[in-house]
Amino acid sequence: MTQDEMKIEVAKAALKYVVPNSIIGVGTGSTANFFIDELATIKERIKGAVASSVATANRLEDHGINVLDLNDVEEISVYIDGADESDKHLNLIKGGGGALTREKIVAAVSNQFVCIADESKLVSVLGAFPLPIEVIPMSTSYVKRQIVKTIGGSPILREGFTTDNGNLILDIHNLKIEDPKRLENQLNNVVGVVTNGLFAGRSADILLLGTANGVKTIKL
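Note that the structure is a prediction, hence the values are computed from the model and not measured.

A. Structural context of the overall build of the protein chain. Broken down by element type, the protein chain carries six helices and 13 strands. Against the globule reference of 17 Å for 220 residues, the protein chain gives a C-alpha radius of gyration of 17 Å, in line with a compact fold. Here the C-alpha coordinates of the protein chain stretch approximately 50 × 40 × 30 Å along the principal axes. In the protein chain, of all internal contacts separated by at least 6 residues, the share reaching a separation of at least 24 is 72%.

B. Broad picture of the pattern of salt bridges. A complete count under the given rule lists eight salt bridges for this structure. Across the salt bridge formed by K104 and E184, the nearest N and O atoms sit 2.8 Å from each other. With K104 in helix α4 (residues 100-109) and E184 in helix α6 (residues 180-188), the pair connects residues that are 80 residues apart, well separated along the chain. For the pair K104 and E184, one class covers both residues: buried. Taken together, the salt bridges that share partners define one network made up of D81, K94 and E103.

C. Looking closely at the packing of aromatic side chains. Within this structure, the stated rule accounts for two aromatic pairs. Measuring from ring centre to ring centre gives 5.1 Å for Y79 and F113, while their planes differ by 50 degrees; the resulting arrangement is tilted. With a gap of 34 residues between them, Y79 in strand β3 (residues 79-81) and F113 in strand β6 (residues 113-118) connect regions that are remote in the sequence. Taken together through their ring pairs, the aromatic side chains of Y79, F113 and F199 make up a single cluster. The ring of F199 has K94 sitting right over it, with the charged end atom 5.5 Å from the ring centre. Just above the ring of F199 sits the side chain of K104; from NZ or CZ to the centre is 5.1 Å.

D. How the structure looks around unusual backbone geometry. The phi angle at L90 is positive, at roughly 65 degrees, despite the residue not being glycine. Of note, L90 is situated in the loop between β4 (85-86) and β5 (92-93). Of note in the backbone geometry, N174 takes a positive phi value of approximately 65 degrees without being a glycine. As for its position among the elements, N174 is in the loop between β9 (168-173) and α6. By relative accessible area, N174 is classed as exposed at 64%.

E. Region of the structure containing the nonpolar core. Judged by nonpolar contacts, the single largest core of 25 residues is most densely connected at I24, F35 and L39. For this core, the secondary structure elements donating two or more residues are α1 (3-14), β1 (23-26), α2 (30-39), β2 (48-51), α3 (54-62), β6 and β12 (206-211). Once residues lying within four places of it in the same chain are set aside, the contact partners of L39 are L15, V18, I24, V26, I46, L60 and I65. Grouped together as the second largest cluster of nonpolar side chains are 18 residues, V106, A117, A204 and I218 included.

F. Looking closely at the environment of S30. Mapping S30 onto the fold places it in helix α2. Linking S30 and D81, residues 51 residues apart in sequence, is a C-alpha distance of 9.7 Å.

Each value, and the rule that gives it
Residues numbered from 1 in each chain as written. Predicted model: local features only at pLDDT ≥ 70, side-chain atom pairs only at ≥ 80, totals over all residues. Heavy atoms only, no water. Helix = DSSP H or I, 4+ residues; strand = E, 2+ residues; numbered from the N terminus. Rg over C-alpha atoms; globule rule 2.2 N^0.38 Å. Contact = heavy atoms within 4.5 Å. Salt bridge = Lys/Arg side-chain N within 4 Å of Asp/Glu carboxyl O. Buried < 20%, exposed > 50% of the residue type's maximum accessible area, 1.4 Å probe, protein only. Phe/Tyr/Trp six-rings, centres within 6.5 Å; stacked < 30°, edge-to-face > 60°. Lys NZ or Arg CZ within 6 Å of the ring centre and 35° of its normal. Core = buried A, V, L, I, M, F, W, Y, C linked by side-chain atoms within 4.5 Å.

Right under this line is the structure:
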């Protein structure tokens, strides 16, 4: 089974977590795109969706799914999104697609967070995938220096990329993240950082993992 086939299987499996007659949150990235395509088959069962990026909003609208502004929504029943890495405690690294801030906001509002991924994303220790950090443009050099000084790693500017919020992304390479919550808070306290791609304070509630032998469900 190919990686894409695993992603399609977890996208299908995620449909059972869609709460009827509710508003759901939808993430960003290749696995989330497969989910959007599957969601289109049951779109009449939901009131609409809150998108975590412009790209996701466009894909939802292309399928005729009602896209709502988060400020007009009181409750999101479930947030469904992929991840770049997950540990066994369902702490995640997200932001490979650059939508980490909006993803983190939608996840925070949602009653349940269902992460969908293929089996390659489950790791023993987070950090092999570079950790994204969204930064205010004028702070980029300062944030780089603070990261090297306080936590180590190699922060590299993501060239030619601007987030939907008009900011930049630093990707921190060469990390071994043994205390994700602590590092998440530490990075967010650096002046100029909007947020980082660690989802540990608000980790996933359920991980649907696509494997060669079918979809595996991991819960906290």
